[in-house]
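Structure assessment
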Amino acid sequence: MKRIIWLFLLSLVTILSFAQSFKGTVTDTDGKPVPYAALYLREMKSGLTTDEHGRFQTKLSAGQYTCEVSSLGFISQTFTFQMLNRDYEKDIVLAERTYSLPEVNITKGNEDPAYAVMRKAIARAPYYRTQIKSYTAGTYLKGTGKGTAIPAVLKLSKEVRKDAKEWLGKLFVLEQQQIVNFTAPNVWNNKVLANKNSFPEEIGVDMGITTINLYTPELFGKVSPLNKNAFSYYRFKLDACFVEEGQMINKIRVIPKKDDNRLLEGDLFIVEDLWCISAADVNVRATGLKAKIKITCKEVQSSVFLPVSITTSSTIDIMGFKAEASYLAAVHYTNVEVADRQQVMNRGLSSSDTSLKQNRKQQKLARQIEELAAKDDLTLKEAYKLSKLMEKNIAESDSTRSSHKYERKVRKREVNVKTDSLAGEKDSLYWAAVRSVPLRPEEIQSYVHKEKLSLSKDSLQEDDSIKTSVGKKIIQTFLMGKTFRSPNKNVWISWTGLPSYVPEYNFVDGFWLGAKFETGLKLSEASVLQFTPSAYYTSARK
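Reading the values: the criteria
Residues numbered from 1 in each chain as written. Predicted model: local features only at pLDDT ≥ 70, side-chain atom pairs only at ≥ 80, totals over all residues. Heavy atoms only, no water. Patch = residues over 30% accessible without salt bridge, like charges linked within 9 Å, V, L, I, M, F, W, Y side chains within 5 Å. Areas by Shrake-Rupley, 256 points an atom, 1.4 Å probe, with all protein chains shown as cover. Salt bridge = Lys/Arg side-chain N within 4 Å of Asp/Glu carboxyl O. Lys, Arg positive; Asp, Glu negative; His and termini not counted. Charge placed at Lys NZ, Arg CZ, Asp CG, Glu CD. Helix = DSSP H or I, 4+ residues; strand = E, 2+ residues; numbered from the N terminus. Buried < 20%, exposed > 50% of the residue type's maximum accessible area, 1.4 Å probe, protein only. Phe/Tyr/Trp six-rings, centres within 6.5 Å; stacked < 30°, edge-to-face > 60°. Pairing = 2+ DSSP bridges. pLDDT = per-residue confidence, 0-100. Contact = heavy atoms within 4.5 Å. Axes fitted to C-alpha atoms, helices over the stretch in contact; angles between N-to-C directions. Core = buried A, V, L, I, M, F, W, Y, C linked by side-chain atoms within 4.5 Å.

**Regarding a positive patch on the surface**
The grouping of Lys158, Arg161, Lys162 and Lys165 at the surface amounts to a positive patch. Tracing the chain through its elements places Lys158 in helix H4 (residues 158–164). Judged by its relative accessible area of 67%, Lys158 falls in the exposed class.

So this is what it looks like as structure tokens:
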């Protein structure tokens, strides 16, 4: 793995040394910017994302490139261009897509055509979940956040009002350049090469959305539309069919059957015949949170679609605290190892290391899978059976599983993140080379403000005025929580912060509104007495 990282860094240094800028804007036919459009450079297996003003930029070495430009709701565009020893700027105009769908009469005995598509997609989800053995990718990530309001009860404090003025309504930004190393089934080893951050030190920001797998039973913490039980939670509607890059795409609307935060809604774009995801545009909700997530996948290898562009925009409104946040990621794949389709479907058929009985069992599984996969249309029962057979076949061929039939190995999602010792020392020239979108004036000002605060803090390090004010302490405790301990550390009280104020929503109780704290007493090295008092009001109970 170290060799891969060093090769990536060497390649990056070489590109930055001799590269020129490829930049421009993406607009519609009326001249309005197309925010968060996806650009994909085929030769580099590299994705770019425009910002909210439709602007993009990247560094490229001399050579010829093929660029695919796409955005949900627009007709994609592909063009080739030559990078010489100068910058190349191009303004791209996308025409709005007019969706067409043959008239379908849905009667009592009929169903929407979306169900036939989804049955095939759900049945093949186990295959796509394990399709990738490993990959290495470079990523550029940018997240922004802005607090817009604080609870009225906190405004009663003059100190809080004073300190809130320092950050309320101001934009904060975080940028990262990472190398992502994925190894099946659930291991990510990421290295942060560069990091730039204007967020307050007490606020932690997670940039882990690059580790998603679109085919897991849960997606963004919600029941996935590709879950084998998805038909119990969702309705589906075929909104359109269109051809993109020579492939037929089905636009499927995902509609929750119930108003439940455990479900998502939006659109999936399913590739005909392959029955994999080419794009997703979904809305997710949690207590006090609403987020819109767009993911664009491209064919990085034949029949292998992986995310190259991810964007999110979200709003937070909980107990009077309001904020806005956005996120984008551009992914550049440098090494992708794929499990061969025949190996996934029919692996384990040699008898060199298995008993004849096991060999026959796997042959039978392979035949059943082949028969069901060959059908033009699947019933719900057949789709469920195919999904189960694929899962079983993959499990049977797992070389790490126990030979004892009752022993089950616990598979945990493992994400390891290491940060380069010089990640925070990169200069403006370095960042200008790796960014996929230019900074907005407001974002530049955010960095400038953070640098001024850092200089001010350094100059006042020995001054009592540098101590955190009462107002800041109140805000931090209210939002982030805090643990208070006695001098001997044997007694403590913990305030759990924002997540505990509205911890749950369900159909019976509605919202749980209240708070809780934890208190404890250490009796001995082996004994602890702990209490967790809580008080909640349920909005739906009478």
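**Some words on the packing of aromatic side chains**
Taken as a whole and judged by the stated rule, the model has 18 aromatic pairs. Their ring planes at 80 degrees and their centres at 5.4 Å tell us that Tyr135 and Tyr333 sit as a pair that is edge-to-face. A residue pair is termed long-range when its members are at least 10 positions apart, and Tyr135 in strand S8 (residues 132–149) and Tyr333 in strand S19 (residues 321–338) qualify at 198 residues. Taking relative accessible area as the criterion, Tyr333 reaches 4% and is therefore assigned buried. Members of the aromatic cluster, joined through ring pairs, are Phe22, Phe56, Tyr65, Phe79, Phe81 and Tyr88.

**Points about the pairing of strand S16 (residues 277–286)**
In terms of residue burial, S16 counts as a mostly covered element, since seven of its ten residues are buried. Relative to S16, strand S15 (residues 265–271) runs antiparallel, the two sharing six bridges. Looking at S16, one finds that Asp267 is bridged to Asp281. Strand direction decides the pairing type here: S16 and strand S17 (residues 289–301), joined by eight bridges, are antiparallel. Across the sheet, the residue bridging to Val284 is Ala291, located in S17. Counted between consecutive antiparallel strands, the loop separating S16 from S17 contains two residues, among which Gly288 sits at a positive phi close to 75 degrees.

**Comments concerning the confidence of the model for the protein chain**
With 72% of its residues at a pLDDT of 70 or more, the protein chain shows a mean pLDDT of 78. Mean pLDDT across the secondary structure elements of the protein chain bottoms out at helix H1 (residues 2–18), with 45, and peaks at S15, with 96. Note on residues 2–18: pLDDT is under 50 here. Beyond four places in sequence and across chains, it has 17 contacts. With pLDDT under 50 throughout, residues 462–467 is counted as low confidence; its partners more than four residues away or in other chains account for four contacts.

**As for the sheet that holds strand S1 (residues 20–28)**
Across the sheet, three strands lie side by side as S4-S1-S7; this open sheet has mixed pairing. Of all strands in the sheet, those bounded by a partner on one side alone are strand S4 (55–60) and strand S7 (88–94). Averaged over all pairs of adjacent strands, the angle between strand axes in this sheet comes to 20 degrees, irrespective of strand direction. Pairing between S1 and S7: seven bridges, direction parallel. Looking at S7, one finds that Val26 is bridged to Ile92.

**Remarks on unusual backbone geometry**
Phi angles above zero are rare outside glycine, and Tyr36 is one such case at about 60 degrees. Here Tyr36 shows up in the loop between S1 and strand S2 (38–41). Classification of Tyr36 as partly exposed rests on a relative accessible area of 23%. Although it is not a glycine, Asp273 sits at a positive phi angle of roughly 75 degrees. Structurally, Asp273 is set in the loop between S15 and S16.

**Observations concerning the nonpolar core**
Met118, Tyr215, Leu226, Tyr234, Phe236, Ile252 and Ile270 are the most contacted members of the largest nonpolar core, which totals 46 residues. Listed by contribution, the elements that provide at least two residues to this core are helix H2 (114–129), strand S13 (234–244), strand S14 (247–256), S15, S16, S17, strand S18 (304–318) and S19. Of all the elements, H2 adds the most residues to this core, at nine residues. If we skip the residues at most four places from it in the chain, Met118 touches Pro225, Leu226, Phe231, Phe236, Ile252 and Leu268. With 19 residues, the next largest nonpolar core counts Val34, Leu39, Phe56 and Val69 among its residues.

**Overview of the environment of Ile316**
Of note, Ile316 is situated in strand S18. Separated by 28 residues in the primary sequence, Ile316 and Gly288 place their C-alpha atoms 5.5 Å from one another. Residue contacts for Ile316: discarding those within four places in its chain leaves Gly288, Leu289, Phe321, Lys322 and Ala323.

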